[in-house]
Amino acid sequence: MAHLLNLIVDDATRDNAPVLEIANRVKAIVTYFKQSVNTMDDLRAEQEGQKKEGEVLTLIQSVSTRWNSCLDMLERFNTLSKILATRGNAPDMITSSELSVIRDLIILLTPFKQTTEEISGDQYVTSSLAIPIANLLQKGLEEVKPFTEFGVAVQKSLLNLVIAKLEPLERHLHLAIATILDPRFKRIHFNSALAVSTAITALSKEIRLEHRRRGQLSPEPRPTTTSIIPNSENSSPSWSGHEKIMIDIAAATSSLLSTSDGMPSELKQYLDQPIIPRKENPTKFWFDCRHFTPVLSHIALKYLITPASSVSSERVASAVNLAVPNNRSRLTAEHVNQRVFLMSVSDKYWLINK
């Protein structure tokens, strides 16, 4: 999903030629400062009287292969724009109207950076985050009100691309089941009742097959009730939108759709339980429930541990390059695995208080 988010931002920028031109002009100014030692020294000197040591800022260059680097460049340029405007020997400075466009871009692209960082995590569950994040991202973009004409054009492009690339995630069976089996979300972030019904049907079938595999009686099916998710108009691109949806659902009376297919009693009981706070750990929830619903807990953990992005596996590839330098080429596969594992252990587990 992280790659999809990066493609959305790149495509939206390329689709708006004036915005792309402004970004290229900013990049040219940053390149000039990066290539001139004297101008960079002057930039630091003008800040030293106002900031402490270590807080002096420098310009950030946009790199096509690094995600969110264009946003980082625009944010830092906007922060230092007043100082940069006083440099007479620099390339033509950005006008005030173009600076307003840059501020609109920062507001529009910041949620994508936050989403990319969150979906790329490897210390928590991510497979159940894809659908909720896509839903909140779309609703958050709809609420933004850009100040410039170019900002409105970029907003429309981003919305169209989010709908085209992220809305189909609801129909991805693995992600849909993982989201339903996350007790923090269940069905509240689905926009399609059909996607919910399809996922619950497939999950019910898998539960019955697992019972048969274990030599147990298949649980009796119960009438399925699928909540129609109300359209929330007060969501934001951050996770505060999740809490707002929770409030809306608690205050509203949910409509119910009866389906002909049934669901196992343990799944019905789980779906009827209240949603837990977002900060809770879903894997701990199912680990604690393993004695009461062993089959459903087993299936839930199988879906939840799947990463939603390939970023974590790419980090492992980079860790292997660091763990196996050229002068350690005779390491066995077992020793490589051990070294990579030790590199992944957090510092807090290494530092023992005496």
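Residues numbered from 1 in each chain as written. Predicted model: local features only at pLDDT ≥ 70, side-chain atom pairs only at ≥ 80, totals over all residues. Heavy atoms only, no water.

1. A word on the overall build of the chain
Then, in step 1: Scanning the chain from N- to C-terminus turns up 17 helices and two strands.
Then, in step 2: Going through the 354 residues of the chain one by one, you find that 43% of them count as buried.
Then, in step 3: Counting contacts in the chain only where the partners sit at least 6 residues apart, residues at least 24 apart contribute 73% of the total.
Then, in step 4: Here the chain has roughly 19,700 Å² of accessible surface; of this, 54% comes from carbon and sulfur atoms. (Helix = DSSP H or I, 4+ residues; strand = E, 2+ residues; numbered from the N terminus. Buried < 20%, exposed > 50% of the residue type's maximum accessible area, 1.4 Å probe, protein only. Contact = heavy atoms within 4.5 Å. Areas by Shrake-Rupley, 256 points an atom, 1.4 Å probe, with all protein chains shown as cover.)

2. Considering a nonpolar patch on the surface
Then, in step 1: Nonpolar side chains collect at one region of the surface, where Phe-341, Leu-342 and Trp-350 lie side by side and expose about 350 Å² of accessible area between them.
Then, in step 2: Here Leu-342 lies in helix 16 (residues 333-344). (Patch = residues over 30% accessible without salt bridge, like charges linked within 9 Å, V, L, I, M, F, W, Y side chains within 5 Å. Salt bridge = Lys/Arg side-chain N within 4 Å of Asp/Glu carboxyl O.)

3. A word on the packing of aromatic side chains
Then, in step 1: What the rule picks out here adds up to four aromatic pairs.
Then, in step 2: Centroid distance Tyr-270 to Trp-286: 4.9 Å. Interplanar angle 45°. Geometry classified as tilted. With a gap of 16 residues between them, Tyr-270 in helix 12 (residues 265-272) and Trp-286 in helix 13 (residues 282-288) connect regions that are remote in the sequence. Both residues of the pair, Tyr-270 and Trp-286, count as buried. (Phe/Tyr/Trp six-rings, centres within 6.5 Å; stacked < 30°, edge-to-face > 60°.)

4. Things to note about the pattern of salt bridges
Then, in step 1: Within this structure, the stated rule accounts for ten salt bridges.
Then, in step 2: With a closest N to O distance of 2.7 Å, Arg-184 and Asp-182 form a salt bridge. Grouping residues by exposure puts Arg-184 and Asp-182 together as buried.
Then, in step 3: As a salt-bridge pair, Glu-210 and Arg-214 come within 2.8 Å of each other at their nearest N and O atoms.
Then, in step 4: A relative accessible area of 33% places Arg-214 in the partly exposed class.
Then, in step 5: Salt bridges here are not isolated pairs; linked through shared partners, they connect Glu-210, Arg-213 and Arg-214.

5. Re the confidence of the model for the chain
Then, in step 1: For the chain, the mean per-residue pLDDT works out to 84, and 86% of the residues sit at or above 70.
Then, in step 2: Highest mean pLDDT in the chain belongs to helix 9 (residues 173-180) (96); lowest belongs to strand 1 (residues 221-227) (44).
Then, in step 3: In the model, residues 222-237 has pLDDT below 50 throughout and makes 56 contacts with residues more than four positions away in sequence or in other chains.
Then, in step 4: Of the regions scoring below 50 in pLDDT, residues 252-260 engages in 16 contacts with residues more than four places distant in sequence or in other chains. (pLDDT = per-residue confidence, 0-100.)

6. Looking at helix 14 (residues 294-304)
Then, in step 1: Here helix 14 has its buried residues at Val-295, Leu-296, Ser-297, Ile-299, Ala-300, Tyr-303 and Leu-304.
Then, in step 2: Taken together, the buried residues of helix 14 touch helix 9, helix 10 (193-213), helix 12 and helix 13.

7. Notes on helix 2 (residues 17-35)
Turn by turn, an α-helix covers 3.6 residues, leaving residues three or four places apart pointing in a common direction.
Then, in step 1: A rise of 1.5 Å per residue sets the reference length of helix 2, with its 19 residues, at 27 Å; its end C-alpha atoms lie 27 Å apart and thus fit the reference within 8%.
Then, in step 2: By the burial criterion, the buried members of helix 2 are Val-19, Ile-22, Ala-23, Val-26, Ile-29, Val-30 and Phe-33. When helix 2 is viewed along its axis, its buried side chains cluster within an angular range of 120° and face the same direction. The exposed residues of helix 2 that point more than 90 degrees off its buried face are Ala-17, Glu-21 and Gln-35. (Expected span 1.5 Å × (residues − 1). Arc of directions from axis to C-beta.)

8. Section: the packing of helix 2 against helix 4 (residues 69-79)
Then, in step 1: The contact between helix 2 and helix 4 brings their axes to 11 Å, and the two run at 70°. Of the possible angle classes, the one that applies to helix 2 and helix 4 is roughly perpendicular. At the point where helix 2 passes helix 4, the crossing takes the left-handed sense. The residues of helix 4 that touch helix 2, namely those facing Ala-23, Val-26, Lys-27, Ile-29 and Val-30, are Cys-70, Met-73, Leu-74 and Phe-77.
Then, in step 2: Residues of the contact of helix 2 with helix 4, tallied by class, amount to eight nonpolar, no polar and one charged. (Axes fitted to C-alpha atoms, helices over the stretch in contact; angles between N-to-C directions. Parallel < 35°, antiparallel > 145°, perpendicular 65-115°, else oblique. Left-handed = near helix turned anticlockwise from the far one by under 90°. Nonpolar A, V, L, I, M, F, W, Y, C, P; charged D, E, K, R; others polar.)

9. Focus on the side chain of Asp-182
Then, in step 1: Positionally, Asp-182 belongs in the loop between helix 9 and helix 10.
Then, in step 2: By relative accessible area, Asp-182 is classed as buried at 0%.
Then, in step 3: A distance of 2.7 Å separates a polar atom in the side chain of Asp-182 from a polar atom in the side chain of Arg-184.
Then, in step 4: With residues near it in sequence (within four places) discarded, Asp-182 still touches Ser-128, Tyr-270, Pro-282 and Leu-304. (Polar contact = N/O pair within 3.5 Å; in protein donor to acceptor, adjacent residues only side chain to side chain.)

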